[in-house]
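# Analysis of the macromolecular model
Here is what each chain is made of, one letter per residue.
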2 protein chains.
Amino acid sequence: MYSFHELADIVQNEIKNLKYPQQPELLYAPIVYSLEEGGKRIRPVALLMACNLFRDEIDCAKPAALAVEVFHNFTLLHDDIMDRSDTRRGKPAVHTRWNDNVAILSGDAMMIYAYKLLCGCDRRVLPQLLETFNETAIGVCEGQQYDMDFESRDDVTVDRYLEMIRLKTGVLLAGALKLGAICAEAQPWQAELLYNFGINVGLAFQLQDDLFDTYGDAAVFGKPIGGDILAGKKTFLLTTALKTADAATRGELLARLHDGGMSAAEKIETVRGIYDRLGVRKITEKAIADYFRNADRILNSLEVGIERIVPLQELGETLLNRKK
Amino acid sequence: MYSFHELADIVQNEIKNLKYPQQPELLYAPIVYSLEEGGKRIRPVALLMACNLFRDEIDCAKPAALAVEVFHNFTLLHDDIMDRSDTRRGKPAVHTRWNDNVAILSGDAMMIYAYKLLCGCDRRVLPQLLETFNETAIGVCEGQQYDMDFESRDDVTVDRYLEMIRLKTGVLLAGALKLGAICAEAQPWQAELLYNFGINVGLAFQLQDDLFDTYGDAAVFGKPIGGDILAGKKTFLLTTALKTADAATRGELLARLHDGGMSAAEKIETVRGIYDRLGVRKITEKAIADYFRNADRILNSLEVGIERIVPLQELGETLLNRKK
């Protein structure tokens with residue numbers, strides 16, 4: 001059985017060994033650039049872990065693991081254009097380093113390349129792999145569209161927000177796990193359970209991210225605290241607050257969020273004060289714990305040896321980074 | 001056996017019956033919009049014709065035909081952003097009707113959808129179909145990148161230009177034909193010949209387009225004559241002229257192309273005069289005739305009944321539109 005770090009090394013090595021044509025340079029150089037380092041490789045590692053639950057030999061799952069990582073990096077390329085994010089993992093984003101056209105077309109080529117890698121899997125399982133991969137990929141696009149839609153909407157409910165992050169964050173991790181199970185020729189019900197494990201971990205991860213953005217320790221979180229509040233971003237915290245509040249408090253919260261006269265620190269403090277009054281922090285912590293408990297329960301119902309689920313438990317804990 | 005028009009109707013009907021989710025609207029509405037009408041459906045029709053060469057029953061090839069048409073329209077969506085083309089088939093392009101982000105993300109979803117359609121083909125031939133589809137798709141991206149590269153380069157040779165249009169125009173038609181042959185479970189050598197038929201027809205078509213842009217009849221061509229000359233576009237005509245000319249004429253040609261002081265009509269007239277002196281028109285017409293003859297020879301070597309190749313001959317003639 002492989003540990004998290006062994007699998008991360010395997011993935012890193014496989015990615016380094018991928019070969020691309022030299023020409024046209026502006027098509028392929030950005031692919032090398034965006035895959036070369038920095039990513040945590042969570043999804044391909046999860047895929048290999050899922051395979052390793054059922055099989056000692058995981059070579060059969062490597063092409064799918066690479067496909068998922070290349071696909072993930074393709075989405076980052078295009079998302080960074082759409083979101084006008086200029087840096088990625090401490091480096092200029094592809095559209096900043098080159099330009100939008102290069103990022104669009106290299107991204108397209110990466111998506112095709114992801115499919116090409118996936119097609120390296122055993123043809124007996126290929127149709128099932130493709131079905132899951134297609135559903136996953138379209139789900140990620142839907143999530144990105146909802147995320148962009150929400151920026152200009154004032155009617156984002158908790159349920160709509162959860163559906164958006166399920167698609168944007170949960171589905172790719174879930175799909176990766178299911179692909180790993182399919183590669184290992186696990187039972188369909190086991191592949192489905194792993195998918196649900198991924199959704200629960202993904203949701204817990206995103207809710208934790210929302211929580212840290214408002215209540216975290218800047219040094220540990222790696223970003224300034226309060227960014228979501230200042231951006232008026234529809235998060236689990238905000239949608240929960242709007243759901244929980246009475247009409248007067250809801251009015252007060254919206255007024256504070258849109259108040260152009262307050263300093264940044266003052267706005268963060270005030271909005272956090274309203275969240276505190278409404279118990280938003282507790283509600284969020286409980287939701288995270290619930291998703292995490294679901295995830296653990298699912299792992300324990302897989303009917304594999306209890307020792308085999310340890311790496312996936314560790315992956316969940318690493319992702320939730322519960323020490324923060 | 002099906003005629004061109006029967007197949008075009010079949011494709012049109014199948015496209016009309018494609019179903020999409022309702023939400024998120026900004027992801028799916030542009031897909032419906034860009035597929036709804038106006039396209040000539042050349043590639044899916046060619047794919048079905050290739051299948052029909054070997055089989056009377058073509059239902060097995062329909063998912064692949066739709067995949068190719070959806071993929072083609074995805075490339076138009078993204079190309080129109082990159083080339084800043086505001087209209088497509090007489091309607092606003094998707095990035096004009098909505099915006100760049102919508103066109104990027106809907107395009108991504110269309111590419112995934114193309115793969116999803118392809119996966120509807122019989123699983124016995126699916127790995128081969130995917131291999132051809134992936135190679136075709138990546139070739140189209142390479143062609144688009146070379147095309148963009150050429151805008152800022154002064155060293156585009158005839159050979160490089162031909163390689164670019166082979167990728168940008170030829171490969172998708174060729175790939176479509178090969179996919180049709182694979183669906184029909186034709187012999188691999190027959191599928192390869194059909195691929196080469198497609199490349200030759202594609203090259204002939206693009207060279208003819210270049211010729212008409214400078215020597216055509218505006219009423220028939222549908223665009224003003226001389227656009228390529230005014231844009232300084234590297235076409236078969238220009239690269240051939242630069243190859244054929246002596247140093248003095250080459251210098252004269254480049255000076256005229258970059259001359260900001262001439263009127264449009266004067267520039268077109270002058271450059272066309274140089275082309276005439278160099279025999280560029282004749283060279284181009286001969287190249288078109290050669291590709292067309294190659295294409296016809298390939299069709300005749302397929303070892304299918306002579307009557308079965310008639311629709312593909314007609315397709316070639318329609319594309320070359322030899323009456324113009």
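How each quantity is defined
Residues numbered from 1 in each chain as written. Chains lettered and ligands numbered in written order. Predicted model: local features only at pLDDT ≥ 70, side-chain atom pairs only at ≥ 80, totals over all residues. Heavy atoms only, no water. UniProt positions renumbered as here; feature names shortened; annotations may be inferred. Helix = DSSP H or I, 4+ residues; strand = E, 2+ residues; numbered from the N terminus. Rg over C-alpha atoms; globule rule 2.2 N^0.38 Å. Buried < 20%, exposed > 50% of the residue type's maximum accessible area, 1.4 Å probe, protein only. Contact = heavy atoms within 4.5 Å. Areas by Shrake-Rupley, 256 points an atom, 1.4 Å probe, with all protein chains shown as cover. Lys, Arg positive; Asp, Glu negative; His and termini not counted. Charge placed at Lys NZ, Arg CZ, Asp CG, Glu CD. Least-squares fit on C-alpha atoms with pLDDT ≥ 70 in both. Salt bridge = Lys/Arg side-chain N within 4 Å of Asp/Glu carboxyl O. Buried area = accessible area lost by both parts, 1.4 Å probe. Polar contact = N/O pair within 3.5 Å; in protein donor to acceptor, adjacent residues only side chain to side chain. Nonpolar A, V, L, I, M, F, W, Y, C, P; charged D, E, K, R; others polar. Disulfide = S-S within 2.5 Å.

An unreviewed UniProt entry annotates chain A as Polyprenyl synthetase family protein originating from Alistipes hominis. As its UniProt record puts it under Sequence similarities (unreviewed entry), chain A is described as follows: "Belongs to the FPP/GGPP synthase family." Within the UniProt record for chain A, the comment given under Cofactor (unreviewed entry) is "Mg(2+)".

Attention now moves to the overall build of chain A. A count of helical and extended segments in chain A gives 16 helices and 2 strands. Here chain A has a C-alpha radius of gyration of 21 Å; the compact-globule value for 324 residues is 20 Å, and the two agree. Once the C-alpha set of chain A is aligned to its principal axes, its extents read approximately 60 × 50 × 35 Å. Expressed as a percentage of its 324 residues, the buried residues of chain A come to 57%. For chain A, contacts bridging at least 24 residues in sequence account for 72% of all contacts bridging at least 6. For chain A, the exposed area adds up to about 13,800 Å²; of that, 49% sits on carbon and sulfur atoms. One way to put it: in chain A the 38 positive side-chain charges average out to a point 1 Å from where the 47 negative ones average out.

Further remarks concern the relation of the copies chain A and chain B. Placing chain A over chain B gives an RMSD of 0.1 Å and needs a rotation angle of 180 degrees, together with 0.0 Å of translation along the axis. Here the symmetry operator amounts to a two-fold rotation axis. A share of 100% of interface residues in chain A that are also interface residues in chain B marks the association as one of identical surfaces.

Let's shift gears to the side chain of Asp79 of chain A. All names here are of chain A. The residue Asp79 is located in helix α4 (residues 62-82) in this model. There is no salt bridge for the buried Asp79, and the closest opposite charge comes from Lys168, which lies 4.3 Å off by N-O distance. If sequence neighbours within four positions are ignored, Asp79 has contacts with Gln144 and Lys168.

This brings us to the pattern of salt bridges. Residues and elements named next belong to chain A. Applying the stated criterion across every chain, the model contains 42 salt bridges over all chains. One salt bridge in this structure joins Arg55 and Glu185, with 3.2 Å as the shortest N-O distance. Of this pair, Arg55 sits in the loop between α3 (42-54) and α4 while Glu185 sits in the loop between α8 (158-183) and α9 (188-215), placing them 130 residues apart in sequence. By relative accessible area, which is 26% here, Arg55 ends up partly exposed. The exposure class of Glu185 is partly exposed, given its relative accessible area of 38%. Here Glu269 and Arg272 are joined by a salt bridge, their closest N and O atoms 3.6 Å apart. Of the two residues, Glu269 and Arg272 both sit in helix α14 (residues 264-278), 3 residues apart, roughly one turn of that helix. Each of Arg55, Asp122, Arg124 and Glu185 takes part in salt bridges that share partners, so that together they form one network.

What follows covers the interface of chain A and chain B. Contact with chain A, which involves 36 residues of that partner, is made by 36 residues of chain B. Summed over both partners, the interface of chain A with chain B comes to about 3,500 Å²; 70% of that surface belongs to carbon and sulfur atoms. Considering only the side of chain A, the residues that lose the most area to chain B are Leu105, Ile112 and Gln145 of chain A, jointly responsible for 17% of the buried surface there. Between Glu135 of chain B and Lys116 of chain A there is a salt bridge; the shortest N-O distance is 3.3 Å. Counting every contact that joins chain A to chain B gives 10 residue pairs in polar contact (both at pLDDT 80 or more). Secondary structure elements with two or more residues in the side of chain A that touches chain B: α2 (25-35), α4, α6 (100-118) and α7 (126-151) of chain A. Broken down by element, the residue count for the side of chain A that touches chain B peaks at 14 residues, all from α7 of chain A. For the side of chain A that touches chain B, the residue count by class is 23 nonpolar, 6 polar and 7 charged.

A few words now on the state of the cysteines. Between two cysteines, a covalent bond joining their sulfur atoms is known as a disulfide. This structure, assessed with the given rule, holds 0 disulfides over all chains. Lacking any disulfide linkage, Cys60 of chain A is separated from the closest cysteine sulfur, that of Cys51 of chain A, by 3.9 Å. Here Cys60 of chain A falls in the partly exposed class, since its relative accessible area comes to 24%. Residue Cys183 of chain B stays outside any disulfide, its sulfur separated by 4.3 Å from that of Cys121 of chain B, the closest cysteine.

The next subject is unusual backbone geometry. The amide bond that connects Gln23 of chain A to the next residue, Pro24 of chain A, takes the cis arrangement and shows omega of -5 degrees. With a phi close to 60 degrees, Arg41 of chain B is a non-glycine residue in the positive phi region. The phi dihedral of Glu185 of chain B falls on the positive side, at around 55 degrees, and the residue is not glycine.

It is worth spelling out the environment of Ala137 of chain B at this point. Here Ala137 of chain B shows up in helix α7 (residues 126-151). Sequence separation between Ala137 of chain B and Pro224 of chain B is 87 residues; the distance between their C-alpha atoms is 31 Å. If near-sequence neighbours (up to four positions away) are discounted, Ala137 of chain B is found in contact with Ile112 of chain A together with Phe71 of chain B.

Let us now look at the side chain of Lys234 of chain B. Residues and elements named next belong to chain B. You can see Lys234 is positioned in the loop between α11 (227-231) and α12 (236-244). One buried charged residue, Lys234, remains without a salt bridge, the closest side chain of opposite sign being Asp154 at 4.2 Å. In terms of polar contacts, Lys234 uses its side chain to reach the backbone carbonyl oxygen of Arg153, at 2.9 Å. When near neighbours in sequence (up to four residues on either side) are disregarded, Lys234 contacts Phe150, Glu151, Arg153, Asp154, Val156, Tyr161 and Thr239.

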